[in-house]
Structure formats: structure tokens, C-alpha cells
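# Architecture at a glance
Spelled out from the first residue to the last, the chains are:
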Amino acid sequence: ICTEDYNSLLQRKKQRRSSMSLDDAIQKARELASKMSFDEKSQIVKGTAYDTNVWNPPPGFFVGNTAAVKHLGIPSLNLQDNGQGYRTTDVRIIGKVTAYPSTLAVAATWDRELGFTWGEALGKEFFAKGGNVLLGPGLNVHRVARNGRNVEYLSGEAGFLGAELVHGYIKGVHSQNVVTVMKHFIGNNQETLRSFVDSIISQRALWEVYYQPFQAALEAGCLSTMCAYNLVNGIHACQNGDIMQTDLKDTMGYKGFIMSDWWALHAFSALKGLDQEMPGNKIDGNPMNQVYDTTKDLSTLPEDFLESMVARILLPVVKYGLIENPVCNPVNGGCDHQIYEVNARSPEHQQLARRMVAESVILLKNEDETLPLGKDLTIAVLGSACQSKQDITQMLDKWDLGNYYTVGGSGRVIPKDPVSILEGIQDACKFANCKVHSDLSDDAEVASKVAQEAKADVTVICGATTSTEGMDRASLSIDQESFVVEVAKKLDALDAMPTVVVTLIPGSIVMPWTSYVDAELAVFLAGEATGLGIADVLFGYVNPGAKSPVTFPLHESDTIPPCEPPKGKPMVEPTDSFPCDYTEGVMAGFTFYEDIEVQYPFGHGLSYTTFGVELEPISGTDCDARACITVQVTNTGPVPGSEVVQLYLVFPPGLGEPKRGVLRGFQKVSLLPDFSKKVVMKLLEKDVSIYDETQKKWTVPKGRFTVMIGSSSRDILAEGHFDIE
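In this report, the structure presented in the accompanying data block is examined. These numbers come from a predicted model, not from an experiment.

## Points about the overall build of the chain
On a plain count of helices and strands, the chain comes out with 18 helices and 28 strands. Radius of gyration (C-alpha) of the chain: 25 Å, near the 27 Å computed for a compact globule of 725 residues. Its C-alpha atoms give the chain principal-axis dimensions of roughly 75 × 65 × 60 Å. Nonlocal contacts in the chain, meaning residues at least 24 apart in sequence, comprise 78% of its contacts between residues at least 6 apart. If the 64 positive side-chain charges of the chain are averaged to one point and the 90 negative ones to another, these points end up 4 Å apart.

## Here's the deal with the sheet that holds strand 4 (residues 179–180)
One key point about sheets: their strands pair by backbone hydrogen bonds, in either a parallel or an antiparallel sense. With respect to topology, four strands assemble into an open sheet ordered 1-2-3-4, the strand pairing being mixed. Two strands close off the open sheet at either side, each with one partner strand: strand 1 (64–65) and strand 4. Relative to strand 2 (residues 78–80), strand 1 runs antiparallel, the two being bridged by two bridges. Note on strand 2: the bridge partner recorded for glycine 64 is leucine 79.

## What about the environment of valine 361?
Position of valine 361 relative to the elements: it lies in the loop between helix 13 (347–360) and strand 11 (362–366). Residues within four places of valine 361 in sequence aside, it is in contact with Leu521, Ala522, Val523, Gly533, Ile534, Val537, Pro544 and Ala546.

## Topic: the sheet that holds strand 28 (residues 716–724)
The strand order 23-22-27-28 describes an open sheet built from four strands, whose pairing is antiparallel. Strands with a single pairing partner mark the edges of an open sheet, and in this sheet they are strand 23 (662–671) and strand 28. The sheet shows a mean angle of 20 degrees between the axes of neighbouring strands, taken without regard to direction. Where strand 22 (residues 641–650) and strand 23 come together, nine bridges link them in antiparallel fashion. Along strand 23, the bridge assignment pairs valine 645 with glutamine 667.

## Thoughts on the state of the cysteines
Considering all chains together, one arrives at six disulfides under this definition. Covalently, cysteine 227 is tied to cysteine 238 through a disulfide, its sulfur atoms 2.0 Å apart. Torsion about the S-S bond of the cysteine 227 and cysteine 238 cystine: about 110 degrees, corresponding to right-handed handedness. In this pair, cysteine 227 is assigned in strand 7 (residues 224–227) and cysteine 238 in the loop between strand 9 (235–236) and helix 9 (241–251), connecting sequence segments eleven residues apart. Among the residues examined, cysteine 238 registers a relative accessible area of 0% and is labelled buried. Paired through a disulfide, cysteine 386 and cysteine 462 show a sulfur-sulfur distance of 2.0 Å. Here the disulfide of cysteine 386 and cysteine 462 is right-handed, its torsion about the S-S bond being about 100 degrees. In this pair, cysteine 386 is assigned in the loop between strand 12 (378–382) and helix 14 (392–397) and cysteine 462 in strand 14 (residues 458–464), connecting sequence segments 76 residues apart. Considered together, cysteine 386 and cysteine 462 belong to a single accessibility category, that of buried residues.

## Section: the pattern of salt bridges
One pass over the full model with this rule turns up 29 salt bridges. We note a salt bridge from lysine 682 to aspartate 624, for which the minimum N-O separation is 2.7 Å. A residue pair is termed long-range when its members are at least 10 positions apart, and lysine 682 in strand 24 (residues 676–683) and aspartate 624 in the loop between strand 20 (611–615) and strand 21 (627–635) qualify at 58 residues. For aspartate 624, a relative accessible area of 58% puts it in the exposed group. Within this structure, Arg149, Glu152, Glu191, Arg194 and Glu469 form a network of salt bridges that share partners.

## Considerations on helix 8 (residues 212–220)
For the α-helix, the turn length of 3.6 residues means that residues three or four positions removed from each other point alike. Along helix 8, the residues classified as buried are Pro213, Phe214, Ala216, Ala217, Leu218 and Ala220. Of the surrounding elements, those touching the buried residues of helix 8 are helix 6 (159–174), strand 5 (182–185), helix 7 (203–210) and helix 9. Positive backbone phi, approximately 115 degrees, marks glycine 221, located one or two places after helix 8.

## Some details on the packing of aromatic side chains
By the definition in use, this model includes 18 aromatic pairs. When the centroid spacing of 5.2 Å and the interplanar angle of 65 degrees are considered together, the rings of tyrosine 86 and phenylalanine 126 count as edge-to-face. Of this pair, tyrosine 86 sits in the loop between strand 2 and helix 4 (103–107) while phenylalanine 126 sits in helix 5 (residues 112–128), placing them 40 residues apart in sequence. The burial state of tyrosine 86 is the same as that of phenylalanine 126; both residues are buried. Ring pairs connect the aromatic residues Trp110, Phe160, Phe590, Phe602, Tyr648 and Phe666, which therefore count as one cluster. A cation over an aromatic ring shows up here: arginine 92 above the ring of tyrosine 340, its NZ or CZ 3.7 Å from the ring centre. It is arginine 112 that lies over the ring of phenylalanine 666; its NZ or CZ is 4.0 Å from the centre.

## So, the pairing of strand 22
By the criterion of burial, strand 22 is predominantly enclosed, with ten of the ten residues buried. What you see with strand 22 is no split at all: Gly641, Glu643, Val645, Leu647 and Leu649 on one side and Ser642, Val644, Gln646, Tyr648 and Val650 on the other are buried throughout.

## Notes on helix 15 (residues 421–432)
The terminal C-alpha atoms of helix 15, which comprises twelve residues, lie 16 Å apart, in line with the 16 Å expected from a rise of 1.5 Å per residue. Tucked into the core, helix 15 has its buried residues touching strand 12, strand 13 (435–439), strand 14, strand 15 (499–505) and helix 18 (530–538). Positioned one or two residues after helix 15, asparagine 433 has a phi angle of 55 degrees, which is positive.

The rules behind the values
- Residues numbered from 1 in each chain as written.
- Predicted model: local features only at pLDDT ≥ 70, side-chain atom pairs only at ≥ 80, totals over all residues.
- Heavy atoms only, no water.
- Helix = DSSP H or I, 4+ residues; strand = E, 2+ residues; numbered from the N terminus.
- Rg over C-alpha atoms; globule rule 2.2 N^0.38 Å.
- Contact = heavy atoms within 4.5 Å.
- Lys, Arg positive; Asp, Glu negative; His and termini not counted.
- Charge placed at Lys NZ, Arg CZ, Asp CG, Glu CD.
- Pairing = 2+ DSSP bridges.
- Axes fitted to C-alpha atoms, helices over the stretch in contact; angles between N-to-C directions.
- Disulfide = S-S within 2.5 Å.
- Buried < 20%, exposed > 50% of the residue type's maximum accessible area, 1.4 Å probe, protein only.
- Salt bridge = Lys/Arg side-chain N within 4 Å of Asp/Glu carboxyl O.
- Phe/Tyr/Trp six-rings, centres within 6.5 Å; stacked < 30°, edge-to-face > 60°.
- Lys NZ or Arg CZ within 6 Å of the ring centre and 35° of its normal.
- Expected span 1.5 Å × (residues − 1).

None of the figures reported here should be taken as evidence of function without further support.
The structure is reproduced here in C-alpha cells:
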């Protein structure tokens with residue numbers, strides 16, 4: 001599709017967006033469901049069109065598909081991975097969709113507005129490619145640092161962060177008549193034997209930690225939920241009435257529908273709260289890949305109950321304008337043009353991808369103002385990760401193969417020609433008049449000689465690792481750890497030039513080279529514009545403003561490892577499982593480390609300028625909240641920049657809450673030098689509440705609360721107090 005056609009298509013869509021209220025949408029969805037036959041309902045509550053191809057869709061179809069009901073104007077639901085971009089399952093798709101930075105990279109921006117911009121761009125691309133249901137966002141709070149899918153999750157190590165960022169994302173996607181799906185509900189915190197691990201989580205931890213971003217997505221208008229592979233407190237998530245029906249639908253008041261993750265269902269569970277089974281086919285000989293929403297089982301349901309399931313599925317279809325803005329129907333090749341030929345990757349989206357990379361770069365260390373790089377320099381660029389190549393054929397042959405630009409598995413968007421770090425630096429040097437000498441051998445002896453012989457003014461050392469769905473990372477080390485440490489040591493001993501380490505990573509890593517280098521940048525898997533965005537920060541075209549959504553530990557042994565089954569116990573049948581006790585309770589995510597020395601804490605990130613903050617007296621009586629926190633932020637440095645003011649709340653003692661506080665507010669502020677701005681952060685009743693397991697409800701404790709304002713969770717710049725009597 002040409003750019004003119006694409007733009008006119010989007011303009012027509014903009015004029016036809018639905019503004020229907022939720023109540024009216026519920027009523028219309030019920031009316032539509034009441035007019036459907038049993039067979040039509042059956043093809044809505046169960047996926048169709050899959051064959052024996054397990055993890056990739058059949059040609060011409062989407063990852064998930066339901067039948068259209070043409071006489072009622074109900075389109076087919078074309079469900080497509082993933083929350084961070086349109087999944088590339090065929091070589092013909094690659095290059096026709098944008099390979100954006102990962103969801104965790106977006107979390108590092110702490111930018112609410114960017115969430116909407118990105119969500120809107122995703123919605124445009126999915127719609128243009130025929131998808132009307134986007135299988136994202138991923139919201140699980142990080143518990144296991146080695147989790148293979150951490151890079152896909154918007155929350156990082158704090159449910160509050162995901163809760164704040166998800167609003168814009170949801171609304172942006174929905175603005176394009178595309179439905180979002182919040183996932184994976186709940187306790188999907190490791191990939192190791194994910195279909196067999198039993199996440200044993202207290203009610204207090206569920207409500208205070210893990211449910212938080214999902215409840216926020218619900219409040220933002222998300223009306224589709226994907227339940228997880230794992231068990232929760234002894235029952236598979238997609239068969240668990242406690243979490244689906246009691247907690248999500250009844251207590252949270254969720255009006256939308258719940259679909260299973262692909263083959264995550266192991267028993268007929270409509271009466272437990274599940275509304276839709278995906279993908280809808282069984283794999284002969286595999287007991288974990290069967291179908292349970294059969295015609296026989298569905299016929300046992302009361303007619304009005306099945307109708308209510310269908311109405312829930314139709315609710316987002318009605319609410320977000322999918323009927324008025326239909327996409328293609330994949331039956332008989334009806335979507336082949338959209339899937340394989342339409343180019344949804346616009347110049348604007350390519351620019352957005354570059355901007356997102358730059359805004360997600362975390363400046364971890366910058367001794368003696370090593371960065372930004374100046375003009376007329378000689379730069380040594382060392383390490384294979386600086387010029388990482390990808391083999392598209394190899395990746396398409398193995399669905400869960402990742403690389404240094406994208407995660408493996410269903411979250412993968414393969415970029416056609418990703419820009420490497422070396423290429424990004426070389427491109428920037430065209431304007432900075434610098435010379436680049438490189439060595440990609442990962443031989444520390446050779447690399448250090450290259451830097452010395454070039455008489456480099458600065459050396460950039462690259463390291464990276466990746467991750468994938470279905471398995472957790474083997475360790476928190478990057479693939480080139482020994483090389484990076486050795487070459488950093490050699491150059492540090494010579495004291496001839498400053499060194500900068502840049503890492504491309506899918507989550508937390510250990511950094512044994514830190515004491516030997518002058519500056520460090522960390523970038524979560526960043527897609528097609530990786531090298532361009534990193535160079536923008538290295539050369540100061542963009543002042544880094546990202547903050548880490550994860551903790552970087554000193555030692556891997558300081559982290560929570562994936563749970564493993566007892567030795568010799570096979571995990572084959574749906575009835576097989578092994579326990580994973582969340583003994584840390586509410587001390588999850590970044591608060592798990594509060595008594596442990598770390599390399600870099602949650603919320604850490606430096607700038608090329610400096611900031612000062614001043615906390616005004618806390619008001620608890622003359623504002624429309626439990627407390628109003630006013631902070632004046634001043635750019636005290638030489639260049640424009642942004643700071644994320646972070647609010648950590650310490651509850652009264654004796655309640656079992658984290659001693660260093662929990663994240664309860666943040667605001668990103670951009671300022672010119674010597675300019676100031678006041679930001680107000682409100683603590684609502686939910687922010688000062690804890691979950692009482694005995695009463696099964698939220699309660700507000702009495703006592704003195706401490707407000708800590710920081711540049712990170714451990715760099716606290718001001719403190720204040722307020723009392724609740």
C-alpha cells in the first residue's frame with residue numbers, strides 16, 4: 001500500500017472512531033449475542049483456523065482467529081502478537097512493520113505521554129496489517145531477574161510504574177480501533193517449566209504487588225485479558241476461579257473477557273471465569289496441547305451463560321469501533337494482501353523508533369564528564385556486540401531465537417536492517433568529524449592494541465546478551481563478560497584514555513567491569529534503530545533522561561532464581577506441577593533488595609546536567625487527596641535536560657511494608673538551565689492502603705507516613721512526613 005493510500009486510510013479511520021459509553025457498549029454487545037446461534041457462539045468462544053503448526057500461525061492467518069458473524073456485522077477477530085510490535089512470522093512481513101524498542105526499554109523512559117504515542121503507532125500498524133486485537137501489553141512485575149520474558153513487561157520491578165505507564169499505551173492503541181489484551185494474568189514470573197510451576201502467592205502480595213498494573217489497565221479501558229500458563233496456588237491460572245472470577249471479575253469489577261494463553265487451558269473452565277480458548281486446535285500426542293471448549297462441553301452450559309461469555313468478548317469489539325471499522329477476514333486468503341504486502345512502516349514511525357531508543361538509554365556512570373563525546377576525536381570501538389549481525393533465515397526457522405536487537409518467541413519483531421552500535425557511531429562521526437577504529441574479535445589483547453595504536457581519545461566497548469520465551473536466561477552475565485572485563489582492565493592500567501561500556505540487554509545483568517571504566521550505558525533490546533539512538537546519546541544530541549526500571553545487582557546470588565522441580569520428577573502431564581513459594585511476600589521487585597548492596601538501584605539514571613529539588617511542606621488537609629506533595633525542581637547544570645522526580649512512601653512501622661518505601665509517584669520534568677518547575681504528586685487513598693487478608697479488603701493504617709523524594713530509590717534528596725489518625 002502506498003504512503004498516500006495508508007495516510008488516507010488512517011484519516012478515514014480517525015473520522016469513524018467509536019465514542020460509545022461502556023454501559024451502551026455492554027447493552028449492544030448483549031443484544032448482538034442474543035441474536036447469535038449456538039454454532040456462531042461456539043466459534044467466538046474458541047479460536048479457529050489453526051492446524052498442527054504449533055507456535056506459528058497457518059499461512060494467511062493470524063496468531064489467533066475467530067469466525068466472523070456476517071449477518072450481524074461482527075468481524076473476525078484477528079489476534080496478533082505482540083505488545084511491542086507486529087510479530088514477523090514470515091520473511092514477507094519483515095521490513096513492513098517497525099521493530100520498535102522493547103517494552104522494558106519504554107519502561108526505562110518513565111514517560112507517560114510516550115506510552116500514548118507508541119500505542120497509537122502500534123495501533124496504526126496492526127490495523128493496516130489486518131490485526132484488530134493486539135496481544136499486549138505485558139504487565140507482569142519482575143520477580144526472577146533471569147526471567148526470559150522480563151524484557152516484554154512494562155512494569156519492570158514496580159507494579160506502580162507499569163500502572164502509570166499503561167494508561168497512555170491502552171488509550172493509544174484503542175484510538176486506532178484495535179483492542180488491547182493485558183497479560184499474563186497472573187504469577188507468570190518465570191519461563192522455566194512455565195506450564196508446571198505453581199506460583200504460591202499470598203493474597204496480600206497478589207493485591208499489593210502483582211495485580212496493580214492489571215487493575216490500572218482495566219481502569220484505562222482494557223477489556224481483554226490473557227490468563228497465564230502457570231498454576232496459582234495449586235490451580236492452573238486459566239482454570240482458577242479465585243483469580244479470574246472472584247478477584248478480577250467480581251472484586252475489580254472487570255466487564256471484559258478472559259482468553260487463555262495458547263494451549264494454557266487443561267480443563268473445561270467456562271464456569272471458572274474463562275470466556276475464550278486459544279488457539280482452538282489440539283496437537284495429537286501432546287497432552288499439554290488439547291482442546292476443551294468442545295461443542296459437547298459448551299452445550300452443557302445454560303444458554304444465558306454462554307451468551308454472557310460471548311457478550312463479554314463482543315464488548316471491546318463494540319466499544320472500540322471494530323464493527324464500524326472492519327478489517328479483512330483471513331478465510332480464503334482474504335488477508336493475504338494486508339499480512340504480506342501492506343507496508344505499515346512509515347518514516348514517522350522510524351523516527352519514533354529512534355527517539356524511543358535515545359530516550360530509553362540509561363546513563364549509569366559518567367566519571368569526569370567522559371560523555372558526551374566531542375568533535376574531532378579518534379574513537380576505538382571494540383567487541384563483536386558493536387556490530388552484531390542477524391541471520392533472518394535462521395531466526396524464521398526457529399521461532400524462539402532472539403538476538404541483540406529483539407527477544408525470541410512470540411514477542412519477536414525481526415528488524416530488516418538493524419543499525420548496530422558501530423554503524424550508529426560511524427554515522428554520527430560524519431557530523432562530528434571523528435575517526436573510528438574498530439576491532440570485533442572479542443580478543444582483549446588484540447582489542448587493547450587497536451585502541452593504543454590508534455591513539456584513541458576514547459574507547460567504546462560493547463557487550464550484549466538476549467533472552468527468549470519458554471526458558472529463562474542461564475545467568476545474569478552478558479555473552480562477552482570476560483572480554484569486557486579483561487579489555488577494561490588493560491586500558492584502565494594504561495590510564496591512556498577514558499573507556500565507555502555500552503550493553504544491549506533483556507533485563508538485569510551483573511557488571512564486574514564497572515570499577516575499571518569511566519562511563520556506562522545500558523539499553524534494553526532496542527530494535528531497528530539501536531545504533532542510531534545510542535549514538536544520539538553518546539554524542540549529546542539527546543541528553544539521557546532514562547531511569548532504570550530494574551535493579552542491577554552486584555552478584556547474581558543476590559537475586560531470586562527460577563524455581564525448579566525436584567530431581568527425577570517428570571513434568572509431562574497437565575496434572576504434573578512443582579511449588580514455587582513466593583516467601584518474600586510484598587518484598588517483591590526492587591524492594592527485595594532493600595537490605596542488599598547493589599551495583600545500581602531501581603530508578604537510577606544520570607544526565608549531562610544536574611538538578612536540585614526542594615520539598616515544600618506536605619499538605620493533608622487542603623487538597624483533594626490523602627496528601628499532596630509539592631516539589632520544586634531546578635536545572636542547576638549547563639544544558640537542557642529532564643529529571644524524573646520519584647516519590648517513595650514509607651508506611652508506619654510494624655505493618656510488614658518495605659522499610660525503604662514503595663514507589664507511589666513520579667513526574668518527568670524537562671527544563672532549560674537555571675529554570676525551575678513545581679510538580680504536585682497526590683497520594684490517593686489507594687496509595688496509603690494495605691491489603692488486609694483477614695477482612696479481604698483494603699484498609700488505611702493509622703500513624704506517621706514518610707515521604708522520600710529521590711533521583712532513584714536510594715538517592716534520596718528530601719524527606720517529609722504526614723500523619724493519618
